[in-house]
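Below are the chains, spelled out letter by letter.
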Amino acid sequence: FQEHRIVQSEACTALHAICNNSPQNKEQVWRLGGVDRIFRAYNSYCWSEEMSTTTKIRACVAINTLLYDCRVVSDDLRNKGIILKFEEEYSDATVSGELRQVIQDLLASETCECLRDIMTEITTCSISENNSIGSNSRLPTAVKAMKRFPTYANIHEMGCKLIACIFASSSANDAGDLQYYETIILSLKEHSDTPENVAAACSALRNMCLFQMSYAQNPSDISMKSYASEVFNSMALHEDNVSILEHASGALWAFFCAQNSNVLSCVTDNTISTIVRAMNRFPGCSHLQRNGIGIFWAVFSVSGRGSDFVTDDLVSMVVRFVGERESDAADMISAIDIVLALTSMGFQALEILLKNEMLIYSIVGCMRRYPHSPSIQGASIDVLSNIAVNHDIKTEIFQSGGTDRIIFALGTLQQDRTVVCKAFAALANLVSAANAKILRANNATTVMIDAMKAHQQIVSIQIGAASTLWALASSAAFFQDDIASLGGVEAVAEAMARFVTSEQMQSKGLCFVWSLAIPKHLKKRVGWCAIEPVVNGLSAHISVEKICSDGLGCIKTLALNPSNRGLLEECGIFELIHACLW
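Here the structure is a predicted model, which means the values were calculated and not measured.

1. Considerations on the nonpolar core
Then, number 1: One finds Phe86, Ile163, Phe255, Phe296 and Ile387 to be the most contacted residues of the largest nonpolar core, which totals 196 residues.
Then, number 2: Discounting residues that sit within four places of it in the chain, phenylalanine 296 has contacts with Ile272, Ile275, Val276, Met279, Leu314, Met317 and Ile338.

2. A word on the pattern of salt bridges
Then, number 1: Scanning the model with the defined rule gives 12 salt bridges in all.
Then, number 2: A salt bridge links glutamate 157 to lysine 161; its shortest N-O distance comes to 2.9 Å. In this pair, glutamate 157 and lysine 161 are both assigned in helix H9 (residues 153-169), 4 residues apart and thus about one turn of the helix distant.
Then, number 3: Judged by its relative accessible area of 34%, lysine 161 is partly exposed.
Then, number 4: Put simply, aspartate 240 and arginine 281 hold a salt bridge, and the shortest N to O gap is 3.4 Å. Taken together, the residues aspartate 240 in the loop between helix H12 (223-237) and helix H13 (242-257) and arginine 281 in helix H15 (residues 269-281) connect sequence positions 41 residues apart.

3. Some details on unusual backbone geometry
Then, number 1: Here the phi dihedral of asparagine 443 falls at roughly 55°; this positive angle occurs in a residue that is not glycine.
Then, number 2: By the secondary structure assignment, asparagine 443 is in the loop between helix H25 (436-441) and helix H26 (444-454).

4. Considerations on the packing of helix H17 (residues 312-324) against helix H18 (residues 329-342)
Between two packed helices, both the angle of their axes relative to each other and the distance between the axes serve to describe the pair.
Then, number 1: The interhelical angle for the contact between H17 and H18, taken along N-to-C directions, is 140°, at an axis separation of 9 Å. Taken together, H17 and H18 sit at an angle that is classed as oblique. Our pair here, H17 against H18, has a crossing hand that is left-handed. Mapping the contact onto sequence places Val315, Val318, Phe321 and Val322 in H17 and Asp331, Met332, Ala335, Ile336, Ile338, Val339 and Leu342 in H18.
Then, number 2: For the contact of H17 with H18, a count of residues per class yields 10 nonpolar, no polar and 1 charged.

5. Concerning H9
Then, number 1: Over its 17 residues, H9 extends 24 Å from the first C-alpha to the last, a length consistent with the 24 Å expected when each residue adds 1.5 Å.
Then, number 2: Taken across its 17 residues, H9 has 12 buried, putting it largely inside the fold.
Then, number 3: By the burial criterion, the buried members of H9 are Ile155, His156, Glu157, Met158, Gly159, Cys160, Leu162, Ile163, Ala164, Cys165, Ile166 and Phe167.
Then, number 4: In this fold, the buried residues of H9 make contact with helix H7 (97-124), helix H8 (138-148), helix H10 (179-190) and helix H11 (195-214).

6. Examining a nonpolar patch on the surface
Then, number 1: On the surface, a nonpolar cluster with roughly 260 Å² of combined accessible area is contributed by Leu552, Ile577 and Leu581.
Then, number 2: Among the secondary structure elements, isoleucine 577 is positioned in helix H34 (residues 573-581).

7. Topic: the confidence of the model for the protein chain
Then, number 1: Here the protein chain averages 84 in pLDDT, while 89% of its residues score no lower than 70.
Then, number 2: Long-range and interchain partners of residues 127-135, a stretch whose pLDDT sits below 50, account for 23 contacts in this model, where long-range means more than four residues apart.
Then, number 3: In the model, residues 171-176 has pLDDT below 50 throughout and makes 21 contacts with residues more than four positions away in sequence or in other chains.

So, how was this worked out
For every chain, the first residue of the written sequence is number 1, and numbering continues from 1 onward in sequence order. A pLDDT threshold of at least 70 governs which residues receive local features in this predicted model, and a stricter bar of 80 or more applies before side-chain atom pairs are shown or counted, although totals over entire chains, interfaces and linings include all residues. Excluded from the side-chain calculations are hydrogens and water; all other atoms, namely the structure's heavy atoms, are used. Side-chain atoms within 4.5 Å are what join buried Ala, Val, Leu, Ile, Met, Phe, Trp, Tyr and Cys residues into a set we call a nonpolar core. Between buried and exposed lies partly exposed: a residue is buried under 20% and exposed over 50% of the maximum accessible area for its type, with that area taken using a 1.4 Å probe on protein chains only. Whether two residues are in contact is decided by their heavy atoms: any pair within 4.5 Å suffices. Between Lys or Arg on one side and Asp or Glu on the other, a salt bridge is scored when a side-chain nitrogen of the former is within 4 Å of a carboxyl oxygen of the latter. Starting at the N terminus, helices and strands are each numbered in turn, a helix being any DSSP run of H or I of at least four residues and a strand any DSSP run of E of at least two. Working convention: axes come from line fits to C-alpha atoms, limited for helices to the stretch in contact. Angles between N-to-C directions cover 0 to 180 degrees. For this classification, under 35 degrees means roughly parallel, over 145 means roughly antiparallel, 65 to 115 means roughly perpendicular, and everything else is oblique. Each crossing gets its hand from how the near helix is turned against the far one by less than a right angle, where anticlockwise is left-handed and clockwise is right-handed. Residues are grouped as follows: Ala, Val, Leu, Ile, Met, Phe, Trp, Tyr, Cys and Pro are nonpolar; Asp, Glu, Lys and Arg are charged; every other residue, Gly included, is polar. Residue count minus one, scaled by 1.5 Å, sets the expected span of a helix. Residues enter a patch when their relative accessible area is above 30% and they make no salt bridge; the linking distance is 9 Å between like charges and 5 Å between nonpolar side chains (Val, Leu, Ile, Met, Phe, Trp, Tyr). For every accessible area listed, the method is Shrake-Rupley and the probe measures 1.4 Å; residues are considered covered only by the protein chains on display. The predictor's confidence in any single residue is recorded as pLDDT, a number from 0 to 100.

See the structure below:
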């Protein structure tokens, strides 16, 4: 039938139909030499121009169908020079517009397959460390293809995927050309209604930004603000597509992590609410949750504008993340830091935070899941300390296990001075609302004194410990005996002697000693080790009214024991009292 042109034309149409979406049929046609025969039909002579154009169009469509997502056909077309001939035909000004469009479709499909092959090569073979992205032909090939075929969604999807793949896998260090960003943003705008393209473009933007940051080449051009805005617009346009939300939030997170003030300035209430809705709508998408937390951390920690965006929904989302997710410790630290930032943003933000019924439960649960993370324990302790603004909240913290978790952290992370300092500051405020018997059962006194002794040279820890032990001794009489028997009096007395110039150390120490000296059976023991530090502390800060008041009260209580009077006289107590009167 080679001479029967109508049959040739119809055969091309038939092959297109049977091979469409059928990889098996494509390969079978190729093995039977179908590609060559279709190309002969394309080049065959017809008695009429109309018939010739129709045959060429049908042949192009058939070849296009065969090569789509079929590597063997694509390779065959390149190796035989058929693609090059189509390129020449496309450049011919005499070719009709309809045929030119079909040829362009074919060339676009072939280019897409070429990009797909490159991506396969990258994912299966490592790129040499000596081969930089900027000079590597792969990246310019993708950008060139996207610019040549601006309206072809498949080209742009594959091109963006290839760019994302290159920047994710290469070890290069010269990817600073903003034309790549501009090309992808144009693609994002042109194909914003195609979900696959939007996801691929956002993935490419994310990887490019992170790659540059890893080489201290943070994007700083003012156009980055408009780039971030375009990504957000795409995210808002596809609020029901979890894949787009995941990749778009990843791109925004990368931009914000660059800590670029231009990018952060584009954040609005709408930006925050869109991300919050996305995270609440898809709580099971871990990447979306992580990206969202990263974005909020950048906004709250870097921009200084966090108080502008505090809402019930945002608080609920962050609290849920803290309470429910088994996340990477770094992500959880970011989430806890957001909550901590909220506690310091004024009355309105704190009020919204405290309205969340799961707040304390979530923080305590997080402390249980990450018992050996100093950062998580420290930030969580700060949160509990900051929200304990009244007795009811303190009681709720204790009943939820928060006070016990702080004591546990104090013991487990005893060598971490930051955690110890924060724990003492929190416990000094919380033990008054705790059940004293439960605290005793959990060896609270032992843990506190051991932690104090482990950091004898750090004045802030000694001050916090003295304040906490004072609060503990005031909460139940049996704690006074426990503290004395475990060496707590000696520990505080030594701290007062060591840091005699510290006004706070003397103030907290005097209050503690006074509290322990009240029981009759402890007066002698307390006096024996504490009288000299008390007198020296009072002498060093005799001009401070509060210290004079507490010091004299402490001395009066100690003097009720006959043995202590002699020690007081040896320390020159009469001259000191006389000096206080003046």
